[in-house]
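Okay, here's what each chain looks like letter by letter:
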4 protein chains.
Amino acid sequence: MFVVLRPGCTSEQRNRLVRAIEAAGLRARVSEDHHRVVIGVVGDEDRLRSVALEAFDGVERVVTLKKPYRLAAREFHPADSVIKIGDRAVGGTALIVMSGPCAVEEESIFQAAEAVSAAGADVLRGGVFKPRTSPYQFQGLGKPGLKLLRDAGRHVGLPVVTEAMDTRHIDLVAEYANAIQIGTRNMQNFALLKAAAATNLPVLLKRGRACTVEEWLCAAEYVLNDGNDRVILCERGLVSFDDAVRNLLDLSCVPLVKRLSHLPVVVDPSHGTGRADLVPAMARAAVAAGADGLLIEAHPRPADARSDARQALTPETLERLVPQLHAIREITRGTPFAGVPGT
Amino acid sequence: MFVVLRPGCTSEQRNRLVRAIEAAGLRARVSEDHHRVVIGVVGDEDRLRSVALEAFDGVERVVTLKKPYRLAAREFHPADSVIKIGDRAVGGTALIVMSGPCAVEEESIFQAAEAVSAAGADVLRGGVFKPRTSPYQFQGLGKPGLKLLRDAGRHVGLPVVTEAMDTRHIDLVAEYANAIQIGTRNMQNFALLKAAAATNLPVLLKRGRACTVEEWLCAAEYVLNDGNDRVILCERGLVSFDDAVRNLLDLSCVPLVKRLSHLPVVVDPSHGTGRADLVPAMARAAVAAGADGLLIEAHPRPADARSDARQALTPETLERLVPQLHAIREITRGTPFAGVPGT
Amino acid sequence: MFVVLRPGCTSEQRNRLVRAIEAAGLRARVSEDHHRVVIGVVGDEDRLRSVALEAFDGVERVVTLKKPYRLAAREFHPADSVIKIGDRAVGGTALIVMSGPCAVEEESIFQAAEAVSAAGADVLRGGVFKPRTSPYQFQGLGKPGLKLLRDAGRHVGLPVVTEAMDTRHIDLVAEYANAIQIGTRNMQNFALLKAAAATNLPVLLKRGRACTVEEWLCAAEYVLNDGNDRVILCERGLVSFDDAVRNLLDLSCVPLVKRLSHLPVVVDPSHGTGRADLVPAMARAAVAAGADGLLIEAHPRPADARSDARQALTPETLERLVPQLHAIREITRGTPFAGVPGT
Amino acid sequence: MFVVLRPGCTSEQRNRLVRAIEAAGLRARVSEDHHRVVIGVVGDEDRLRSVALEAFDGVERVVTLKKPYRLAAREFHPADSVIKIGDRAVGGTALIVMSGPCAVEEESIFQAAEAVSAAGADVLRGGVFKPRTSPYQFQGLGKPGLKLLRDAGRHVGLPVVTEAMDTRHIDLVAEYANAIQIGTRNMQNFALLKAAAATNLPVLLKRGRACTVEEWLCAAEYVLNDGNDRVILCERGLVSFDDAVRNLLDLSCVPLVKRLSHLPVVVDPSHGTGRADLVPAMARAAVAAGADGLLIEAHPRPADARSDARQALTPETLERLVPQLHAIREITRGTPFAGVPGT
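**Notes on the interface of chain B and chain A**
Taken together, the contact pairs 44 residues of chain B with 44 residues of chain A. Contact with chain A buries surface across chain B, with Thr 133, Tyr 136 and Arg 310 of chain B losing the most and accounting together for 17% of the total. Scanning the region where chain B abuts chain A turns up two salt bridges. In this structure, Arg 209 of chain A engages Glu 215 of chain B in a salt bridge whose closest nitrogen and oxygen atoms are separated by 2.8 Å. Taken together, chain B and chain A are joined by 23 residue pairs in polar contact (both at pLDDT 80 or more).

Shown next as structure tokens:
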């Protein structure tokens, strides 16, 4: 840790900082150069977390060296983590395709399950608790939908993943689902993260639409720190100034996360663009960028869907797409996750 | 509602749309002009909410005319809403100042309460459940903090407001607080909004850091629609590409909300900038923009604060600031909320 | 075009609008439904460009149906445009790789040219007029650099592309280069666009870092409208709130542009991420998304580069990367540019 | 300057860095602590500008201490700069109001000049070279407009400011105008900045809509470094994800610039919101935030304006607004530009 002082800071200001650092059991090394004073802190900077050095008079900037997450870091676990959803592996060499409708509907979920299974999907996804911007939009089927989703998954032999939105529903969701999704709006709903961790199911953690990669890994750390090491990260698009797309899909986060963390990362090009006509291209691009899998909305008849119809693929398009994804995965498989020489 | 078709759409595509609109009990008026076909929908467009017209083949765009919120709209309630926190009014002609430390601390909360009361604050604010990016940061005092906050408020005769983060804690918070804050990360935590609505306490609803004004008013609608009409909106800064400030305070949302809604709107320049040295200027600007009040962090000794120390004002600065705020309010009081002629 | 009036507008306001529309030689069709009045405009909406309908009292919104660009639109030219830089084709089935150092340096440009040629690049790129944030940064070699770049290109048999920043330098650049780059900061420098158009050389038009796809196509339209139909679009990353990357590369613009326009689009993952360790993954992803080519910075010894060293690939990495790009292109070649069914 | 090395860097990597630093005539001080190596650079870090330390193997981050601008910095010139446009002062204690139509039109410019003069404006503004997104929009009157603008200014005794967009037009503009505006799209058009500097007229430098405050001050530095110390900064709104407003006006940059720089800063709430109904509130807020002046669009009959009609005030609204602005200025005048204690 370094504390950079403002030009013209007083020696009294400097001394107060040194005393605060030493009071925390660390050493302060003052260097003065041209017009700037910088204090280097020797020792474990965690001890200074409860001292607000940046609020001391005369301080311009505090530069920390430690990352705010530990268990999620690549340094903590150098190999790629591989996480099972039901009998399917996420991470490592495999490529996982999770697909299904945005919202579970009684009249279509079995047909959807058959279609995505036939198209080569590994996991069935579908929402039963739907976070909707307006209270007047369809809010999902709730508990009856959970049973439908599980039954449809069993019908075709696929594990299922669905979103939980309320700490009071986590146990109910855990009863029916093989993995729990935390949605983009809840990425920093820390109570929900801790409740999901307690189920010991895999947690599919969507990135907040205006959250940095570091904040995302810190959210994962909440789950890991509570003893659940089964976190799968999911990029689903960021807020954008261009309304030609619903969200701005950030694929560069894929190789970046691979460098910073051992956790698997999948991509949701459906919410990531909001337009079915852009989904196949972005699904291919996600795999080429190194994603471990995809979350793709598909519906037997998109125009009949009760939620996000515009972004759902038809079964036919999904079926043509999946083999392309595996072919691209073949090409990129050999490339190590990072490092200029070998990428 | 209008449905704009793509250039070159077929008559079959057009007819399928007309049939879908008529099936919902509405009339479709097709107009064809130069190279474009547009279908105007006559009747209540709410009936089409569950029909995904935008996913029909050949559709370029669906233009809706109805706002997605109703109870929050100025049209529904033309006069300004005035909401009481304890015995203090928010909205209308008054200017409310809510102040206190970011996090309630046993050793300082009484002193903080005395200081902000002496400086002219109307409400004491302080966090006991703290949403923190990393699990290793100070998470707040929890229940003991609630009692401390209430007692400190009583000590100086001020009502108190504090944040709730978990549906399971709402009743506990409601027992001690005069108003419940929903934080920026939870603006679209719909389960929490509904739980807060059920307390019938005033809800201080912070804007999500990447949420549009329309999304914000829709979040308010969740509370209003559950029968609690005591919502106070709070702007606290948006995500920014410039790290010179912690957040980008959007003051234009103040006159915009005044035009669109009857709900009072306050501004938090502390989180809105993250820098104590910018807070006074932005507090003044917020009042000049028409804000009904301010949420300002203050701490007896900022450098000792356990959270967000850099943005806390000293009691002395707060004391100098408050009279300026009231003086600016005097100047702007006469200006109607909107409309070119009279603003 | 539609003009949506505010709830409660007066008949006088409505009549003034109708008169203004009719004065432009168009027909106004008023429809009234529930609480809303909407005026449909029949006829060529271009005639209303100089009438500010949105500024009339009582108007809530004006919805236009025509795109603000014409020559750049797919409708105008349904087939993909193919543009030659020297003897290399951009667009259509080929994949073009443009590579070279950020800034031309006397001591390294010949070695760089040999390296990128050996690695399989088709075009040599290098800057001689450098747009730099601070006036104290290296500003490029200027005219002597132009000659060096051309000679290095000839040495290895590659055409060259370089940036022009000033209308007064366009003719000089055109003397030496096979294509003219317009940088991200100058995407809306309309005088420069028109000067570049006049050279009749291919124009490599980088997207502004906070410009929408529509604004980008409008900038292309400036060149096309001046009679130069050789525009190549280049995505190079958008402004981002996450400083883990220098820019946020928007790959979804690739299939989007393919749908909206016939112009070829290439991607610059070097500026698009600012980190050499992310460039190979994003180059692969760009091709998978359907890009017609890449602009990749490479330098014989990145640490010696005088500009943007952190993002330059070594020749070895480039050499390993290029065959992967062609292999991915093979997989995606058959997919049509857009449309749900076939993508 | 500090160079932070990656965990696990080798001693060879470390030594190469030390040699590079020493080769530039500086001293390298290596500190090793827990798992991190940090190299402090002793001496003038400018000498390392041409050495790409961040591209050396093993480097995680380079932390620089020097600002990239010098002449624009408050440290270089502690007192507020006061700049004359004609006989009107910008900066210091005065509040300057610049007003007029977006585009100069023959039929209205004299009437507009009379109106803004009567309303209390100090400077007449109007565009004759208009940067327009599409080539099919009105591009301004060009040279004849310059003469009209000057004559209208003389008619009412006001100096005039107008935008230049092309280095080849700078001298022409300088012949007629009392100050030259550099528009938001050209903030980093460095050739234009240098040409404007050479006129020795005041330069009104609008902030790029996605540029940081530091980039803005660096753009000012281009002008200052060429010997023209008459730069006036103008905030005009940033790119936004919320299309309820045209741009997102950043008022926090006002006190921030006051702290970092001695240059005067004015605000353009017209482009900053794009909506006339929000302009008065934001104009008041800008003054309360400490702005030295305002740039406000006004037009005798907004609905007849040929450009940006929606954001123009009527003369009546402007006339009511100006005295409010001066009254708010009175209240804030005494507050020093920065520093927690005194603000």
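Moving on, there is more to tell.
**Some remarks on helix H9 (residues 279–288) of chain D**
Count 3.6 residues to each turn of an α-helix, and residues three or four apart come out pointing the same way. Here H9 of chain D lies mainly inside the structure; 10 of its 10 residues are buried. Within two residues after H9 of chain D, Gly 290 of chain D carries a phi angle of roughly 110°, on the positive side.

**Looking at the pairing of strand E3 (residues 36–42) of chain C**
All names here are of chain C. Taken across its seven residues, E3 has seven buried, putting it largely inside the fold. In terms of strand pairing, strand E1 (residues 2–5) meets E3 through three bridges, oriented antiparallel. Paired with Val 3 across the two strands is Ile 39, which belongs to E3. Examined bridge by bridge, strand E2 (residues 27–33) and E3 share seven bridges and lie antiparallel to one another. Paired with Val 30 across the strands is Ile 39, a residue of E3.

**Notes on the relation of the copies chain B and chain A**
Rotating chain B by 180° and translating it 0.0 Å along the rotation axis places it on chain A, where the RMSD comes to 0.0 Å. Put plainly, the chains are arranged around a two-fold axis. Ranked by how close their C-alpha atoms come to the rotation axis, the residues of chain B are headed by Ala 210 of chain B, at 3.0 Å. A high fraction, 100%, of the interface residues of chain B reappear at the interface in chain A, so the copies pair face to face through one surface.

**Some thoughts on the interface of chain C and chain D**
The interface is formed by 44 residues belonging to chain C together with 45 residues belonging to chain D. Here chain C packs against chain D, burying approximately 3,900 Å² in sum over the two surfaces, 51% of which is carbon and sulfur. Linking chain C to chain D there are two salt bridges. Summed over the shared surface of chain C and chain D, the number is 23 residue pairs in polar contact (both at pLDDT 80 or more). At the level of elements, strand E4 (59–63), helix H5 (190–199) and helix H6 (213–225) of chain C are the ones that each hand at least two residues to the side of chain C that touches chain D.

**What to know about the domain arrangement of chain A**
Assigned domains of chain A: these are domain 1 (2–63) and domain 2 (83–338). Taking only C-alpha atoms into account, the centre of domain 1 of chain A sits 45 Å from that of domain 2 of chain A.

**Points about a negative patch on the surface**
On the surface, Glu 214 of chain A, Asp 243 of chain B, Asp 243 of chain C together with Glu 214 of chain D cluster together into a negatively charged patch. In this fold, Asp 243 of chain B is placed in the loop between strand E12 (231–235) and helix H7 (253–260). Here Asp 243 of chain B falls in the exposed class, since its relative accessible area comes to 64%.

**Details of the sheet that holds strand E1 (residues 2–5) of chain D**
All names here are of chain D. Taken together, four strands build an open sheet; the order of strands is E2-E3-E1-E4 and the sheet is antiparallel. The sheet terminates laterally at strand E2 (27–33) and strand E4 (59–63), the two strands that pair on one side only. When strand polarity is set aside, the average angle formed by the axes of neighbouring strands in this sheet is 20°.

**Details of the packing of H9 of chain D against helix H10 (residues 315–332) of chain D**
All names here are of chain D. Two elements in contact, H9 and H10, have axes separated by 9 Å at closest approach and are oriented at 20°. With respect to their mutual orientation, H9 and H10 come out roughly parallel. As for how H9 packs across H10, the hand of that crossing is right-handed. Contact with H9, carried on its side by Pro 280, Ala 283, Arg 284, Val 287 and Ala 288, involves Thr 317, Leu 321, Gln 324, Leu 325, Ile 328, Arg 329 and Thr 332 of H10 and no other residues of that element. A breakdown of the residues in the contact of H9 with H10 according to their chemical character gives seven nonpolar, three polar and two charged.

**Examining the sheet that holds strand E8 (residues 123–125) of chain D**
Residue and element names in this part refer to chain D. Spatially, the eight strands close up into a barrel ordered E7-E8-E9-E10-E11-E12-E13-E14, and their pairing is parallel. Strand-to-strand twist in this sheet, taken as the mean axis angle between neighbours without regard to direction, amounts to 25°. As judged from the two bridges shared by strand E13 (residues 265–267) and strand E14 (residues 293–297), these two strands associate in the parallel manner. Note that in E14 the partner of Val 267 across the bridge is Leu 294. Contacts between helix H5 (residues 190–199) and the sheet are confined to strand E10 (179–182) and strand E11 (203–206), with E10 contributing the most and set at about 170° to the helix. On top of the sheet, helix H7 (residues 253–260) reaches strand E12 (231–235) and E13; it is set at about 170° to E13, its chief contact.

Rules and cut-offs
Residues numbered from 1 in each chain as written. Chains lettered and ligands numbered in written order. Predicted model: local features only at pLDDT ≥ 70, side-chain atom pairs only at ≥ 80, totals over all residues. Heavy atoms only, no water. Contact = heavy atoms within 4.5 Å. Buried area = accessible area lost by both parts, 1.4 Å probe. Salt bridge = Lys/Arg side-chain N within 4 Å of Asp/Glu carboxyl O. Polar contact = N/O pair within 3.5 Å; in protein donor to acceptor, adjacent residues only side chain to side chain. Buried < 20%, exposed > 50% of the residue type's maximum accessible area, 1.4 Å probe, protein only. Helix = DSSP H or I, 4+ residues; strand = E, 2+ residues; numbered from the N terminus. Pairing = 2+ DSSP bridges. Least-squares fit on C-alpha atoms with pLDDT ≥ 70 in both. Domains from an automatic or database assignment. Patch = residues over 30% accessible without salt bridge, like charges linked within 9 Å, V, L, I, M, F, W, Y side chains within 5 Å. Areas by Shrake-Rupley, 256 points an atom, 1.4 Å probe, with all protein chains shown as cover. Lys, Arg positive; Asp, Glu negative; His and termini not counted. Charge placed at Lys NZ, Arg CZ, Asp CG, Glu CD. Axes fitted to C-alpha atoms, helices over the stretch in contact; angles between N-to-C directions. Parallel < 35°, antiparallel > 145°, perpendicular 65-115°, else oblique. Left-handed = near helix turned anticlockwise from the far one by under 90°. Nonpolar A, V, L, I, M, F, W, Y, C, P; charged D, E, K, R; others polar.

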